[in-house]
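Chain and residue survey
Single-letter residue listing:
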Number of protein chains: 2
Amino acid sequence: MDLTWAGYVAATLTTLAFVPQAVKTLRTRDTRSISLYMYVVFTAGVAFWLVYGIYLHSWPMIIANIVTLGLAAMILYMKLRWR
Amino acid sequence: MDLTWAGYVAATLTTLAFVPQAVKTLRTRDTRSISLYMYVVFTAGVAFWLVYGIYLHSWPMIIANIVTLGLAAMILYMKLRWR
């Protein structure tokens, strides 16, 4: 059984998951219950995933991680700005 | 140049990132600025990563995703309980 589709579903879901958080934070400017350390560590981690994806020449990894990096960095910026 | 280490660093960081969020939420019981939809979609996505890791027989993926799934599900449960 080929489960490659599960990898694509996984990459799509864990990338798009950050859209509602970014939209909610942008609208409310409320970041109080969001952990700063989570977004510092997570953003750094996604940058490493991107490096690793480039190394593997994996376009799904590269594209998913560029989008996730943008969203996570945006939430981190809002947390730093509106705390 | 072998960049496999970047994959391990990435997996470790994006997994451990959820620890400070889980601890902060557990302590404060404040979930107001956390997006419910983010954790619903993210938890589902990590479950698919776990399925894909099992399919690839990749132990780093399996272990990292079991830990991330536990942490994300815990934050989702707290969001549903204390909103």
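Residues numbered from 1 in each chain as written. Chains lettered and ligands numbered in written order. Predicted model: local features only at pLDDT ≥ 70, side-chain atom pairs only at ≥ 80, totals over all residues. Heavy atoms only, no water.

**Regarding the relation of the copies chain B and chain A**
- Superposition record for chain B on chain A: RMSD 0.0 Å, screw rotation 180°, translation along axis 0.0 Å. Seen this way, the second copy is the image of the first under a two-fold rotation axis. Across chain B, the smallest distance between a C-alpha and the rotation axis is recorded for Ser33(B), namely 2.7 Å.
- A high fraction, 100%, of the interface residues of chain B reappear at the interface in chain A, so the copies pair face to face through one surface. (Least-squares fit on C-alpha atoms with pLDDT ≥ 70 in both. Contact = heavy atoms within 4.5 Å.)

**Re the pattern of salt bridges**
- One pass over the full model with this rule turns up two salt bridges over all chains.
- Salt-bridge contacts for Arg32(A) lead to Asp30(B); the nearest nitrogen and oxygen are separated by 3.0 Å. With one member in each of two chains, Arg32(A) in the loop between helix H2 (18-28) and helix H3 (36-55) and Asp30(B) in the loop between helix H2 (18-28) and helix H3 (36-55) form a pair that bridges those chains.
- A relative accessible area of 15% places Asp30(B) in the buried class. (Salt bridge = Lys/Arg side-chain N within 4 Å of Asp/Glu carboxyl O. Helix = DSSP H or I, 4+ residues; strand = E, 2+ residues; numbered from the N terminus. Buried < 20%, exposed > 50% of the residue type's maximum accessible area, 1.4 Å probe, protein only.)

**Concerning the packing of aromatic side chains**
- For the structure shown, the criterion picks out 13 aromatic pairs over all chains.
- Both rings, one in Trp5(A) and one in Phe48(B), keep their centres 6.1 Å apart while their planes meet at 70°; by these two values the pair is edge-to-face. With Trp5(A) in helix H1 (residues 4-16) and Phe48(B) in helix H3, the pair connects residues from two separate chains.
- Taking relative accessible area as the criterion, Trp5(A) reaches 48% and is therefore assigned partly exposed.
- Centroid distance Phe18(B) to Tyr39(B): 6.5 Å. Interplanar angle 85°. Geometry classified as edge-to-face. Remark: Tyr39(B) occurs in helix H3 and Phe18(B) occurs in helix H2; sequence separation between them is 21 residues. Summarising the burial analysis for this pair, Phe18(B) and Tyr39(B) share the class buried.
- An aromatic cluster is present here, built from Phe18(A), Tyr39(A), Phe42(A), Phe18(B), Tyr39(B) and Phe42(B) joined pairwise through their rings. (Phe/Tyr/Trp six-rings, centres within 6.5 Å; stacked < 30°, edge-to-face > 60°.)

**Focus on the interface of chain B and chain A**
- Residue-level contacts link 37 residues of chain B with 37 residues of chain A.
- Counting the surface lost from both chain B and chain A, the interface buries some 3300 Å², and carbon and sulfur atoms represent 71% of this.
- The interface formed by chain B and chain A includes two salt bridges.
- Summed over the shared surface of chain B and chain A, the result is 15 residue pairs in polar contact (both at pLDDT 80 or more).
- Those elements giving two or more residues to the side of chain B that touches chain A turn out to be helix H1 (4-16), H2 and H3 of chain B.
- Of the residues forming the side of chain B that touches chain A, the biggest block, 13 residues, is contributed by H3(B).
- Across the side of chain B that touches chain A, the residue classes break down as 24 nonpolar, eight polar and five charged. (Buried area = accessible area lost by both parts, 1.4 Å probe. Polar contact = N/O pair within 3.5 Å; in protein donor to acceptor, adjacent residues only side chain to side chain. Nonpolar A, V, L, I, M, F, W, Y, C, P; charged D, E, K, R; others polar.)

**Comments concerning the confidence of the model for chain A**
Residues and elements named next belong to chain A.
- In the predicted model, chain A carries a mean pLDDT of 96, and 100% of its residues have values of at least 70.
- Averaged pLDDT values for the elements of chain A fall to 95 in H1 and rise to 98 in H2.
- Overall fold confidence (pTM) sits at 0.94, and the ipTM for the predicted complex is 0.93. (pLDDT = per-residue confidence, 0-100.)

**Here we look at the nonpolar core**
- Counting 30 residues, the largest nonpolar core has Phe18(A), Tyr39(A), Phe42(A), Phe18(B), Tyr39(B) and Phe42(B) as its most contacted members.
- Filtering out sequence-adjacent residues up to four positions away, Tyr39(B) remains in contact with Met38(A), Phe18(B), Gln21(B), Ile34(B), Ala72(B), Ile75(B) and Leu76(B). (Core = buried A, V, L, I, M, F, W, Y, C linked by side-chain atoms within 4.5 Å.)

**Considerations on helix H4 (residues 59-81) of chain B**
- With 23 residues, H4(B) extends 33 Å from end C-alpha to end C-alpha; this agrees with the ideal 33 Å at 1.5 Å per step.
- Packing partners of the buried residues in H4(B) comprise H2 of chain A together with H1, H2 and H3 of chain B. (Expected span 1.5 Å × (residues − 1).)

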